[in-house]
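Residue-level structural notes
Residue strings, one per chain:
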Amino acid sequence: MTEKTTRPNRTAVDAYLEVQPTEMLVNMVGTYGRLYQKMDGFWYLSVMERWGNEMALDRDMWVWTRASRYEVELLSEALGLSGRNDLDAFIHVFAASPITMVSEYHIENKPDGAAEITITYCPILTALEKEGKGREHTICRMVDTMIFGSYARYFGSNVSIEAIKLPPRIQPDDVCCQWRLRASGNQATAVTFKRLSPQEMPRDTLIRLVKAYCRLYQVVDAHWYLSIQDKWGNDAAMERDFWVWERLPRSEVEAVSKLLGVEGRKDLDSLIKLFLTVPMNMTTDYTVAHPTPDRTVVSFTFCPVLRALEKEGQGREKDICRDLDVMIFRNYAKYFNPAIQVNPILLPPRPDRTGPACVWEFRSQ
C-alpha cells in the first residue's frame, strides 16, 4: 500500500508563484484580499437570509472568535514574525490581514508608547453604508471589537485595545474608525511601523503572504460551514454552502480574469489558467495534461480540504467533493465560457486515502 497523501514540500503552486513578476504577486495580494471579504460577506448574507440578522451576527462572532487565531498564526509566519509578541509586531500582523490590506489607514505613535490606528477607508463599511440597513452599528462595534481582542489574545500580547471612534459616521468623509493600542511590560517596545505596503515587500514575503491569504480563504469558508452545522445541523450547513457557492464563483471569475489579463477571452487554456488561480485551488498540488487540443485534464494530487474531511471521518467528502465541487467547477466555466464542459473523472471517497484527490476533464466545443 502506498503512503497516505501528505502535503508536498514543493507544489505546482510554489513553482507557479516563483516565476511570477513582482507586480503580479502584489496584485494577487489585493485580489485575494478583496475576494476574502466577498466570501465572508456571502456567508453572512446566507445566514441572514434564512435565519435573520441577529443569528447572522451570532454566527459571525462564532466564526471570528476561532478564525482569528489562524490569521495570527499564518500572517505571523508569512511576515517572519513568529515568536514575537511585542506591540510593533502585533501591528504588523494586524496590517497584513486581508481586510486591512485593502483598506486605507495611518498610524500615529504616541509619546506614552501607545499607538493609534485610524482607518480612513474600509470597503466593508462602504458596502454596509450603501446597503442602508444600519448593520454597521452592530458589525463594527461588536464584531470588530471582538476580532481585535482575539488578535491580541492569540498573538500572546499584553495589549489593551480601546475604540476611540466607531461607526456610524455622521459625514461621508469622517474616518471609518479609530483605535488606541497599548502594551505593558517588556512588550511595550517602541512602535516604528507606519504602513505595510506590498510594493515594498521582498518577493519571498509576497509569495508567503499570497499563500497565507488563500489558506485563510479556506479556513474562514470552513468555519462558516461549521458555525451553521454547530447551530442547525449538517443538512442546513450544506444547503447554505450551496447558496454561497452558487454566487461566489461569478465574483471569483471576474476578479481573477482581471488579475490574469484574460477578461473577454473564451479559450480553454485561459479558463484552465483562471481555474488553477482561484484562491481554493492555490492551496493544492496538481498536474495538468493536454491529451488533445480541445481537452485538458487536471489531477489534484493533494487537497487540504479532502485531507481535513478524511481526518474528520464523518464522510462529508461524498457530499462536498461529489455534489458541491461539481457545481462550483462548472460555475467557473459557466461564468467564463458556458460552451466549455467540465466533468469529473475521479472523485472521493478514496478507499484507503491514497492516490489523487480528484481528476477533472475540461473540454471545449
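To be clear, the structure that these remarks concern was listed above.
Here the structure is a predicted model, which is why all the values come from computation and not from measurement. (Residues numbered from 1 in each chain as written. Predicted model: local features only at pLDDT ≥ 70, side-chain atom pairs only at ≥ 80, totals over all residues. Heavy atoms only, no water.)

1. Notes on the sheet that holds strand β7 (residues 341-346)
Pairing between the strands of a sheet is mediated by backbone hydrogen bonds and can be parallel or antiparallel. Selection rule: Any two strands are treated as partners once DSSP identifies two or more bridges connecting them. Secondary structure is summarised from DSSP: a helix means a run of H or I of at least four residues, a strand means a run of E of at least two, and numbering begins at the N terminus for each. Fitted lines through C-alpha atoms give the axes, limited to the stretch in contact for helices. The angle between two N-to-C directions lies from 0 to 180 degrees. For this analysis, residues touch if any pair of their heavy atoms sits within 4.5 Å.
Reading across the sheet, the 4 strands line up as β5-β6-β8-β7 and stay open at both edges, with antiparallel pairing between neighbours. One side of each edge strand has no neighbouring strand; the edge strands of this open sheet are β5 (285-292) and β7. If you compare each strand with its neighbour and ignore which way they point, the axes differ by 20° on average. Relative to strand β6 (residues 295-302), helix α10 (residues 268-275) is tilted by about 15°, and along the sheet it contacts β5, β6 and β8 (358-363).

2. As for the packing of aromatic side chains
Short version of the rule: Stacked, tilted and edge-to-face are the three classes assigned to paired rings of Phe, Tyr and Trp, where Trp is represented by its six-membered ring and a pair needs centres within 6.5 Å; plane angles under 30 degrees give stacked, over 60 edge-to-face, the rest tilted. When a residue's accessible area, from a 1.4 Å probe over protein chains only, is under 20% of the maximum for its type it is buried; when over 50% it is exposed; and in between it is partly exposed.
The tally for this structure, following the rule as stated, stands at 15 aromatic pairs. Aromatic pair Trp43 and Trp224: ring centres 6.5 Å apart, planes at 5°, arrangement stacked. One end of the pair, Trp43, is in helix α2 (residues 22-51); the other, Trp224, is in helix α8 (residues 203-232), with 181 residues separating them in the sequence. We note that Trp43, like Trp224, is buried. On the numbers, 6.2 Å between centres and 70° between planes, the contact of Phe275 with Tyr332 is edge-to-face. With Phe275 in helix α10 and Tyr332 in helix α12 (residues 317-336), this residue pair connects regions lying 57 residues apart in the sequence. Neither Phe275 nor Tyr332 differs from the other in exposure class; each is buried. An aromatic cluster is defined as three or more aromatic residues linked by ring pairs; in this entry it consists of Phe275, Tyr286, Phe300, Phe329, Tyr332, Trp360 and Phe362.

3. Considerations on the sheet that holds strand β1 (residues 104-109)
The strand order across the open sheet formed by 4 strands is β1-β2-β4-β3, and the pairing between neighbours is antiparallel. Because the sheet does not close on itself, it has two edges, and the strands there are β1 and β3 (159-165). Across the sheet, the mean angle from the axis of one strand to that of its neighbour is 20°, orientation sign disregarded. Bridge count for β1 against strand β2 (residues 115-121) is 6 bridges, and the pairing is antiparallel. Looking at β2, one finds that His106 is bridged to Thr118.

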